[in-house]
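So you can see what is in the structure, the chains are spelled out below.
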Amino acid sequence: MDRQRSHVLEAPTTDGFVYGVSPAMQTVNEMASEIARTDIPVLIVGESGTGKDAYARLIHRLSPKGELRLQKIDCVMFDPTQLTTQRYQSSEDVLPGEALGTIYFDNVQELDMGSQRALLSLLPDEQSSDRKEENCGRVISSTRRSLESEVEEGRFRRELYFRLNGACLRLPPLRERAEDIPALAEHFLSKHAVHLKRKQPPVGNKAMQGLVAYRWPGNIRELENLARKIVVFGDVQLVLNDLHSTWIPDHTPIESGSQASLKVAARAASKRAERELILQALERTHWNRKRAARELQVSYKSLLYKIKQIGEPNT
């Protein structure tokens, strides 16, 4: 792997994604580099938002077939009749004759038994010398659930599991790689400042400590969403206040009983939902507040007031 590839990996739809420096990610990166040199099937396991798509694309890019096409199939919307054409023929959105380098099955745990059977019939058998066609793509799959448990409970075919799991790459959640948060936050802030054509807000030491202390249930995806909101609002503390006002650490006891805690949870959920709707409208209208107010069916004055209130805790 060259020096450039050792620091930046290509994300699914954006310019880049920074390698981690934590011990856990160093191990992952070394494994990904070694796996990429082979053509064995790869199973990527991790919680939602941990970067499974990014690592699938990294492995493809570093592989001997990295210059060829990667075809991603979302198993949530999977149609078994498309298997043959997806795996052995060019799709309509690529040039005729373009060879397939990798076929990537995202959320493979969502395949029903019929789809699993169809996929199994098309995957090459390691015991067979027949590798079928030259343009047969390498198989990468991802799952957010334990396929071992799915197999034991009868929801996933054992033979298909072993066929997909030639090598397993397990991605740790962001809370287990807190050392990587500063570099990731800086990367996402820079990326979205360029994309939105806005100035990148500086993040002070205290604010960064807050990011590192947060548990990140949505993992890297949640961190990127937060970085984008910081750029949109241009105020780090405004966004962080909202983040921490709705965050109850694992060790925090509930002081007022179940009735009070339900009220707090309902208020926090309502606040998050309103904030998300406002942000989405502002982003869709390129921060045109009058257009956003019309979309949200509120007065312009009300929207300005709500924008000012976003991020203020306990409101």
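Residues numbered from 1 in each chain as written. Predicted model: local features only at pLDDT ≥ 70, side-chain atom pairs only at ≥ 80, totals over all residues. Heavy atoms only, no water.

**What about the overall build of the chain?**
Put simply, the test is: Runs of H or I in DSSP of at least four residues are treated as helices and runs of E of at least two as strands, each being numbered from the N terminus. Exposure categories follow from relative accessible area, calculated using a 1.4 Å probe and restricted to protein chains: below 20% of the type maximum is buried, above 50% is exposed, and the middle band is partly exposed. Contact between two residues is taken to exist if any of their heavy atoms lie within 4.5 Å; hydrogens are not considered. Residue-level accessible areas treat just the shown protein chains as cover; the underlying method is Shrake-Rupley with a 1.4 Å probe.
A count of helices and strands for the chain gives 13 helices and seven strands. Looking at the chain as a whole, 44% of its 315 residues qualify as buried. Within the chain, counting contacts between residues at least 6 apart in sequence, those at least 24 apart form 76% of the total. Total accessible area on the chain stands at roughly 17300 Å², and carbon and sulfur atoms take up 50% of it.

**With respect to the sheet that holds strand E7 (residues 167–170)**
To keep it simple, the criterion reads: For two strands to be treated as a pair, DSSP must find at least two bridges joining them. To get an axis, fit a line to the C-alpha atoms, keeping to the stretch in contact for a helix; angles then go from 0 to 180 degrees between the N-to-C directions.
The parallel open sheet is built from five strands, whose spatial order is E4-E5-E6-E3-E7. Every interior strand has two partners, whereas the edge strands, strand E4 (69–74) and E7, have only one. Averaged over all pairs of adjacent strands, the angle between strand axes in this sheet comes to 20°, irrespective of strand direction. In this structure, strand E3 (residues 42–45) lies alongside E7, joined through four bridges in parallel fashion. Across the sheet, the residue bridging to leucine 43 is cysteine 168, located in E7. Together, E3, strand E6 (138–143) and E7 form the strand contacts of helix H1 (residues 23–36), whose direction differs from that of E7 by roughly 150°.

**Side note on the environment of asparagine 225**
Residue placement: asparagine 225 occurs in helix H9 (residues 219–233). Residue class for asparagine 225 comes out partly exposed when judged on its relative accessible area of 27%. Taking the C-alpha atoms as reference points, asparagine 225 and leucine 189, separated by 36 residues in sequence, lie 9.8 Å from one another.

**Regarding the pairing of E3**
The two faces of E3 match: Val42 and Ile44 on one face and Leu43 and Val45 on the other face are all buried. Bridge analysis of E3 against E6 gives four bridges, and the strand direction is parallel. Note that in E6 the partner of leucine 43 across the bridge is serine 141.

**Looking at the packing of aromatic side chains**
Put simply, the test is: Centre distance within 6.5 Å is the pairing criterion for rings of Phe, Tyr and Trp, where only the six-membered ring of Trp is used; planes under 30 degrees apart are then read as stacked, over 60 as edge-to-face, and the remainder as tilted.
Tallying each qualifying case throughout the model produces two aromatic pairs. Centroid distance tyrosine 161 to phenylalanine 162: 5.2 Å. Interplanar angle 55°. Geometry classified as tilted. Since its relative accessible area comes to 54%, phenylalanine 162 is described here as exposed. Judged by centre distance (4.6 Å) and plane angle (85°), the rings of tyrosine 214 and tryptophan 216 are edge-to-face. Like tyrosine 214, the residue tryptophan 216 is buried in the burial classification.

**Quick look at unusual backbone geometry**
Even without glycine at this site, asparagine 107 takes up a positive phi of about 60°. Counting through the fold element by element, asparagine 107 comes out in the loop between strand E5 (100–106) and helix H4 (113–122). Even without being glycine, tryptophan 216 reaches a positive phi, approximately 50°. With respect to the helices, strands and loops of the structure, tryptophan 216 is situated in the loop between helix H8 (205–213) and H9. The class of tryptophan 216 is buried, set by a relative accessible area of 0%.

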